[in-house]
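The lines below spell out each chain.
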Amino acid sequence: MEYDNFSHYSKRLLSANVLGDVYVDLSKLKSPKSRFMFTRDLLLRHKMLAQTLDIERQYDHPNVSTNLRDQGNEFFKGEKFKKAVHMYTKCLEGSDPNTECYALAVANRSAAYFYLGLYQLSLKDARWAMEFNYPSNLSHKLYERAGNAERALGLYGRATQSYTECLKRMYEGGICSDKRKAAIAKAVTECKELFTKQKKSKKVPPADEQLVGGRNENIPALSAFVELRMSKNMGRGVYATRDINPGDVVAIDEPYIGGPVSHHTDVCHYSGCLKLNLALIPCPKCLLVCYCNKDCMNKANEEGHYLECPIMYFIRSTPGITKMNELAMKWFLKDYLKMGLKKYCLIVDNFSKSKIDPQTRGFDETGQYKSDNFLTAYSLDSSENKVPIDVLFFFNCIAVDMLHCLILSGFKIPKCYIGSVGASLVRILIVLDLNCRKLNVNAPTISLQRRRQTTLTIALTLYPTISLFNHSCDPNIKRSGELSDRIRVMKAIQPIPKGSQLCSTYGIIFRGHTKESRQDICNKLFYFKCYCQPCIENWPICHYIPNRLSTLNILNSNMADIVSSECEKFVKFMKSPKSEDNCEHLDYLYSFIKLLFTNVKRPFQLYEDCLEIISTMHTISSSQLYIGVIDID
């Protein structure tokens, strides 16, 4: 099973010899609220929920923490930096984050990391100490060290700012060392010069993308050249109302909710940011979520982190997918604070009871489908009626557990609303599981290596408008732009004639998977049968795709000579050395693929090669795993 600790709840019930009856009884219940309340009563009856939250951490006596820090200082003086790091870490594990001892230990560990050449960790600790009661009269030291680490990492713009702040604090604190001030001033000048050179050597960023034809009247994140339609086999989908060309922008969407995909990813936890940052600062209370700065931290608190903060540890200990559980709680609290409990429950209850037209699902009362609207995101396809009963029970148990912890932490919720809130959490979990975790092909990513198409997903993101696009094993649209951005731009990569459906891929393409494996993945993960052209016609995988022109694949015999000539030119193009900025060749590639689209039967190897090059050229991935190229203006 793909979920962590999937048998956490069921094994207790299995040992009590009631699990079979539980599944039978749960399957008979028709409403989400009744299923949640059934599960809640069951877990309470079998004493499977926590009785209390032990959120008061026991810290070491101040003398113990001070002694550990002093031992670290002795190792530091003896240049035994690894041992110093170990002692400072032990000090931090037993210290109250609100004490000066804690701040000093973090700052000292930053220095030890710097001497070990671990500049990223040094920078993190320096920024961390700045937020945790570090003595103001010594703060210039932190900014100097931050500047040194940033300079070593090639972050010259940030180093300039850190050194400048260091100088400012030295003057404010009456630091008399003219020699040291001069050294810092020199570092400011040198970093400014290096930053100027760095900016000149960087590629000019692309201009802001614009939707082809402007914004759609009813779906603002889509192009005006598309509309929603229903089909027998694929349900709701996006169709072209005019011819769309390769390179045309068809969607620009922002996530409704998002968060880092891993605890070890340097991504701001604030859903409205999600930027990569080498020096995130943790929440001073739970220390489990991190932000770019205090502004992002404050915005996250406004959206509900202060309510989840006391139970973050317990959310992370729930079974399933930890980061998805965190995201579900974040989503609920954000909209609870925005709407109030009464209105929130009214909306989710009405949604549960109403019969919604599948074509207009997610549209508001004014006929608008907006990605920042709660009901738009909440009404995304969840395939809840297709989820196996054991998985449905599992999600209900997780929702019971999370809501129970929230109530134990002091969250006030009248009994009459418990069923509604719990059922909404279950739906949120299922929506996130299908549309955010499994359909993560458009999520923010970074490159693992400069010269290879190897990327790492860095965030879970729910894109309500992009979720309107159905899957094809031969997509005609794909994500474009900077891959680490939270805002996702979708561009056409093939000609899309008027009346044709716009389809992205759910991570499965015909060139890499047989029809049987593709259909199996679509059925098991996404609960549908794929009706795309490669599946209907059973196109071969990449090794068996025809690579020569013949009377069998030329659609227009009158164009045979022109097509043959252009194919020869394309083969030479692929073999010729090209500059790093291949975007200058896009117009040529667009014209070539349009020629083949009209005159050659697919699959055809040169068409697939051209398609792959276009997809690659549409994307920018300037962020490496260690983020050495990221800087600020």
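Residues numbered from 1 in each chain as written. Predicted model: local features only at pLDDT ≥ 70, side-chain atom pairs only at ≥ 80, totals over all residues. Heavy atoms only, no water.

Side note on the sheet that holds strand 10 (residues 470–471)
Now for step 1: Spatially, the four strands line up as an open sheet ordered 1-2-13-10, and their pairing is mixed. Both edges of this open sheet fall to strand 1 (226–231) and strand 10, since each of them pairs with a single strand only.
Now for step 2: With two bridges joining them, strand 2 (residues 235–240) and strand 13 (residues 501–504) adopt antiparallel strand pairing. When the sheet's bridge partners are listed, V238 is paired in strand 13 with L502. (Pairing = 2+ DSSP bridges. Helix = DSSP H or I, 4+ residues; strand = E, 2+ residues; numbered from the N terminus.)

A short note on the pairing of strand 2
In summary, the side chains of a regular strand alternate between the two faces of the sheet.
Now for step 1: Most of strand 2 is tucked away: six of the six residues are buried.
Now for step 2: By the bridge criterion, six bridges tie strand 1 to strand 2 in an arrangement that is antiparallel. Opposite S231, over in strand 2, you have G235 as the bridge partner.
Now for step 3: Counted between consecutive antiparallel strands, the loop separating strand 1 from strand 2 contains three residues. (Buried < 20%, exposed > 50% of the residue type's maximum accessible area, 1.4 Å probe, protein only.)

With respect to the nonpolar core
Now for step 1: Counting residues in each nonpolar core, the largest one holds 104 residues, and the members touching the most others are W331, F332, L432 and L502.
Now for step 2: In terms of residues, this core owes the most to one element, helix 17 (residues 389–408), which gives 13 residues.
Now for step 3: Among the nonpolar cores identified, the runner-up in size contains 34 residues, and W128, Y134, L155 and M170 belong to it. (Core = buried A, V, L, I, M, F, W, Y, C linked by side-chain atoms within 4.5 Å.)

Examining helix 14 (residues 322–339)
Now for step 1: Under the 1.5 Å per step criterion, the end-to-end length of helix 14 is 26 Å for 18 residues, consistent within 8% with the ideal 26 Å.
Now for step 2: For helix 14, a buried count of 16 out of 18 residues is recorded, marking the element as mostly surrounded by other parts of the structure.
Now for step 3: Immediately beyond the C-terminal end of helix 14, within one or two residues, lies G340, with a positive phi of roughly 90 degrees. (Expected span 1.5 Å × (residues − 1).)

Focus on the packing of aromatic side chains
Now for step 1: Applying the stated criterion across every chain yields a total of 34 aromatic pairs.
Now for step 2: Between Y506 and F528 the ring centres are 5.9 Å apart and the planes differ by 85 degrees, which places this aromatic pair in the edge-to-face class. One end of the pair, Y506, is in the loop between strand 13 and helix 19 (515–526); the other, F528, is in the loop between helix 19 and helix 20 (533–537), with 22 residues separating them in the sequence.
Now for step 3: Accessibility expressed as a relative area gives 24% for F528, which makes it partly exposed.
Now for step 4: Through pairs of rings, three or more aromatic residues link up here, namely Y256, W331, F332, Y336, Y344, F351, F374, Y378 and F411.
Now for step 5: Above the plane of the ring of Y378 lies R427, whose end atom (NZ or CZ) is 5.4 Å from the centre.
Now for step 6: The ring centre of F510 lies 5.8 Å from the NZ or CZ of R511, which sits over that ring. (Phe/Tyr/Trp six-rings, centres within 6.5 Å; stacked < 30°, edge-to-face > 60°. Lys NZ or Arg CZ within 6 Å of the ring centre and 35° of its normal.)

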